[in-house]
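So you can see what is in the structure, the chains are spelled out below.
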Amino acid sequence: TPPARDLHWGSYASSASRKEGQEPMRKFKTESKKLLDLMINSIYTNREIFLRELISNASDAVDKLYFRSLTDPSVAVGRDDLAITVGYNSDERTVTVSDNGIGMTKDELDKNLGTIAHSDSFEFKAAQAEAAAESEPGEAKGLDDLTDVDIIGQFGVGFYSAFMVGKKVRVVSRAIGSDEAWAWESDGIDGYDIKPAERAEHGTDVIVYLKDDTADESFGTFASEHGLTQLIKRYSNYVRYPIKMEVMKSRKVEAPEPAEGEEAPAPQWESYTEVETINSMIPIWKRKKSEVSQEEYDEFYKTDFHDFENPARTISVHAEGSLNYDALMFVPSRAPWDMYSKDYKRGLALYSSNVLIMDKCEELLPDYFGFVRGVVDSSDLTLNISRETLQHNGQLRAIARRLEKKIKADLANMRDDDREAYEEFFKQFGRTLKFGIYQSYGMAKDTLADLLLFYSAKEQKMITLDEYLADAPAGADSIFFAAGDSLDRLANMPLVTTVLAKGYDVLLCDQDVDEFCMMAMGTYGEHAVDGDEENKQPYFIKNVGSEDLGLTTDEEKKEAEEATESNAELFGIMQEALDGKVERVVVSTRLTDAPAVVTSEGGMSLAMVQVLKSQPGTDELPEMHLVLEVNAKHPVFATLQAAHEADDDEKVRTYAGLLFDQALLVEGILPDNPLAFAQAVAELMK
Ligand code: ADP
């Protein structure tokens, strides 16, 4: 009879093929087995993380031994002796992860590796796993093959991930203070064996016998120097202990000096092996900013984020309190080429106790700071790799909020202290910030609006909204902007020059997102109305082409209305000639030099519609309500009146068309019928 030990492992398997007197194979607990099946047959694509998991266990085991040594005088280990060793044998297709840590006794091997989860929530999770495993693939929410990933994520992968790549796993371990070693071995299907073994020192070897290669997957690549060093650098670079590996090197064979007159023979090379530490060990983000040189940060950034240029900003955060974490973030100098493509993935690398959990954790960055690269490391996070749980993780959200504030503060500092650099930054990423305001329907305004720069028509340089307001005439209640596709053209637009002539600056917006961003903001800051501090109102952000800029006196308005009234017949013919393109023709209150402008009533401006027109897939354009505003003081107006008086309707109609088309032309918009326009001009010149 087998010893009645660890009854909770369930019944022992009866195996006829086993020799008399040998301990029968131990069976995995039912729940563990279910999970193992899943793991082995998983379509989970990230199989390579098995190495990270084994190294992370090894690192824990070394940690435990180190901490034991601090309190237990019988355990004498020097920190410098502690190490993890990774080895491989390409002929036998094995990968080995060894440590000289605390090791496991026979009982511990049984207990720790015989089941998957030790936590109280296990039953609950197991039930979930079962439910998910039974659901049809099509029923899985969102992602097609979420099921496996999710279940594995729910449990955390741990030691069992070895079975994602291994057909057999052997663990040889010797606990500290024990003189016997034991070997745990399993094919991950039915159960496992524990047998006596040999090991010279305390510690553990995990030997993974890789699965046979299939048409789709070549597990053999894991048993190679290149494969393993890459994975170690990628996932375990900042593990605190050295991860050593024997690597192949080659060197020149020493040759005797050639005799006088003789030619030196071609140099001979020989290969040899050397044990190297593969990981860099010290997480740079854990170090105080004052102790790290900018060069070190730059090197780290360039290596880790594959950039050729140094970062524009380095932001280091060390948070202590209810949630401890370190973060190191960078603002690149240049936007990556794919920044504005659909495939660009934002996010910070997420580490838990120096071990990479996720390459790009989106939840840590808002869209509008998506250009920031960096690392967050926290040992407080109760995390696993499941994406679903990440999204709902309150700790992550708390970190994300804090990091957003840090990024904002750093950018504001750059804006105030290094304007030249900030303008360069804004050239690269300003669009993302403006897009953030637009996309959030203005919600992100509080965070982003004071970071924006626009081209000032008055100052002829980039300014902030606050600078605009600081320079505005007393009593101003608006911020004016003009949108179009070229700064030069905008600067000369009558709509702009007339506002400038009244002493107000105009922000010239030549990016497609600008007007949408301005509209989403709607208002900015606030001012006391008529010097009354009790009565504060926001500044309105207004397109110079919109109907009421609030720059005319009541008298001027009344005068224009009366002039419009008395020319009603003339304007009627003009409007009819324009064939529905404008709602009305009126006498303008705003014009000084130009004969006419086209303005819009309501939301959509001409420039905005041009942007929409240029977007693929916009069939239906929003309705526009345009008004042709005529300058009553311009000689052209007198000509129109004269033609009307002489009953020359034909001339009035032609001129109406010309006025409309040329008003659009100065804004960079082609007439609907350029040929008719050209012909009419030629006719006039005859
Ligand atoms: P986790 O590491 O999340 O606890 P694992 O399934 O990876 O879960 O490992 C289970 C347990 O096995 C660990 O908690 C640890 O006690 C033990 N263990 C795994 N690897 C080692 C090792 N290299 N040395 C000592 N103990 C180990």
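It should be emphasised that the depicted structure is a prediction, and the values quoted were computed from it without experimental measurement. (Residues numbered from 1 in each chain as written. Predicted model: local features only at pLDDT ≥ 70, side-chain atom pairs only at ≥ 80, totals over all residues. Heavy atoms only, no water.)

We now examine the packing of aromatic side chains. Each aromatic ring pair is summarised here by two numbers: the centre-to-centre distance and the angle between the ring planes. By the definition in use, this model includes 24 aromatic pairs. Between F159 and Y160, the ring centres sit 5.5 Å apart and the planes meet at 80°, which makes this aromatic pair edge-to-face. Take Y160: its relative accessible area is 4%, and that puts it in the buried class. Three or more aromatic residues joined by ring pairs make a cluster, and in this case those are Y368, F369, F371, Y422, F425, F426 and F429. (Phe/Tyr/Trp six-rings, centres within 6.5 Å; stacked < 30°, edge-to-face > 60°. Buried < 20%, exposed > 50% of the residue type's maximum accessible area, 1.4 Å probe, protein only.)

So, on to the packing of helix α18 (residues 568-577) against helix α21 (residues 649-665). For the pair α18 and α21, interaxial distance at closest approach is 8 Å and the crossing angle is 60°. Our pair here, α18 against α21, has a crossing hand that is right-handed. Contact residues: α18 offers L570, I573, M574, E576 and A577, while α21 offers D649, V652, R653, A656 and L659. Across the contact of α18 with α21, the residue classes tally to 7 nonpolar, no polar and 3 charged. (Axes fitted to C-alpha atoms, helices over the stretch in contact; angles between N-to-C directions. Helix = DSSP H or I, 4+ residues; strand = E, 2+ residues; numbered from the N terminus. Left-handed = near helix turned anticlockwise from the far one by under 90°. Contact = heavy atoms within 4.5 Å. Nonpolar A, V, L, I, M, F, W, Y, C, P; charged D, E, K, R; others polar.)

Each regular strand displays side chains that alternate between the two surfaces of the sheet. As judged from the 5 bridges shared by strand β19 (residues 523-529) and strand β20 (residues 532-543), these two strands associate in the antiparallel manner. Considered in β20, the bridge of Y524 is made with Y539. (Pairing = 2+ DSSP bridges.)

Here we come to a negative patch on the surface. There is a patch of like negative charges on the surface, built from E569, D647, D648, D649 and E650. Along the chain, the position of D649 falls in helix α21. Classification of D649 by relative accessible area gives partly exposed; the value is 33%. (Patch = residues over 30% accessible without salt bridge, like charges linked within 9 Å, V, L, I, M, F, W, Y side chains within 5 Å. Areas by Shrake-Rupley, 256 points an atom, 1.4 Å probe, with all protein chains shown as cover. Salt bridge = Lys/Arg side-chain N within 4 Å of Asp/Glu carboxyl O. Lys, Arg positive; Asp, Glu negative; His and termini not counted. Charge placed at Lys NZ, Arg CZ, Asp CG, Glu CD.)

Right, let's talk about the nonpolar core for a bit. Membership of the largest hydrophobic core comes to 79 residues, with the highest contact counts inside it found for F369, F371, L411 and F425. In terms of residue count, the dominant contributor to this core is helix α10 (residues 394-417) (7 residues). The contacts of L411, once residues within four sequence positions are left out, are V331, F369, F371, Y422, F425 and L451. (Core = buried A, V, L, I, M, F, W, Y, C linked by side-chain atoms within 4.5 Å.)

Attention now moves to the site of the ligand. Taken together, N57, A61, K64, D99, M104, N112, L113, G158, F159 and T204 make up the full set of residues near the ligand. At 3.3 Å from an oxygen atom of the ligand is found a side-chain nitrogen or oxygen belonging to N112. Protein chains bury 76% of the 530 Å² of accessible surface belonging to the ligand in isolation. Those elements that provide at least two residues to the shell around the ligand are α2 (49-71) and α3 (106-114). Ranked by the residues each element gives to the shell around the ligand, the list is headed by α2, at 3 residues. Tallied by class, the residues present in the shell around the ligand amount to 4 nonpolar, 4 polar and 2 charged. (Near = heavy atom within 4 Å. Polar contact = N/O pair within 3.5 Å; in protein donor to acceptor, adjacent residues only side chain to side chain.)

Axis angle and axis distance: for two packed helices, these are the angle between their axes and the distance between the axes, and together they describe the pair. Where α21 contacts helix α22 (residues 674-685), the axes come no closer than 10 Å and their chain directions differ by 115°. The crossing of α21 and α22 is left-handed. Across the interface between the two elements, T654, Y655, L658, D661, Q662 and L665 from α21 touch F677, A680, V681 and L684 from α22. Residue composition of the contact of α21 with α22, by class: 7 nonpolar, 2 polar and 1 charged.

Take the pairing of strand β7 (residues 203-210) next. Burial runs high along β7: 7 of the 8 residues are buried. For strand β3 (residues 94-99) and β7, the ladder comprises 6 bridges, and the chain directions are antiparallel. Within the sheet, the bridge partner assigned to V95 lies in β7 and is V208. Here 8 bridges tie strand β4 (residues 166-174) to β7, and the two strands are oriented antiparallel to one another. Bridging across to β7, K168 finds its partner in Y209.

Right, let's get into a positive patch on the surface. Judged by side-chain charge, R397, R401, R402, K405 and K406 come together as a positively charged surface patch. Mapped onto the fold, R397 is located in helix α10.

Tallying each qualifying case throughout the model produces 33 salt bridges. With a closest N to O distance of 3.0 Å, D212 and K167 form a salt bridge. Of the two residues, D212 is situated in the loop between β7 and α7 (225-236) and K167 in strand β4; the sequence distance between them amounts to 45 residues. The class of K167 is partly exposed, set by a relative accessible area of 43%. In this structure, D450 engages R415 in a salt bridge whose closest nitrogen and oxygen atoms are separated by 3.7 Å. One end of the pair, D450, is in the loop between α12 (445-448) and β15 (454-456); the other, R415, is in helix α10, and 35 residues separate them in sequence. Here the two residues D450 and R415 agree in accessibility, since each one is buried. Connected through shared salt-bridge partners, K408, R415, D416 and D450 make up one network.

This paragraph deals with the sheet that holds strand β23 (residues 625-630). To summarise the sheet geometry, strands pair through backbone hydrogen bonds and adopt either a parallel or an antiparallel arrangement. Read from one edge of the open sheet, 3 strands run β21-β23-β22, paired in mixed fashion. Both outer strands of the open sheet, β21 (584-587) and β22 (596-601), are each paired with one neighbouring strand and no more. The mean angle between the axes of side-by-side strands here comes to 30°, regardless of whether they run parallel or antiparallel. As paired elements, β21 and β23 share 4 bridges and run parallel to each other. The residue of β23 that forms the bridge with R584 is V627.

Residue position: F50 is located in helix α2. Accessibility expressed as a relative area gives 0% for F50, which makes it buried. Separated by 115 residues in the primary sequence, F50 and V165 place their C-alpha atoms 7.6 Å from one another. If we skip the residues at most four places from it in the chain, F50 touches V95, S161, A162, V165 and F222.

Let us look at helix α11 (residues 419-439). Its axis deflected by about 65° at F429, α11 carries its strongest bend there. Taken residue by residue, α11 has Y422, F425, F426, Q428, F429, G430, T432, L433, K434, G436 and I437 as its buried positions. In this fold, the buried residues of α11 make contact with β11 (325-331), α10, α12, β15, β16 (462-463) and α16 (514-521). Two residues or fewer after α11 comes Y441, characterised by a positive phi angle close to 55°. (Bend = angle between axes of the 7 residues up to and from the residue.)

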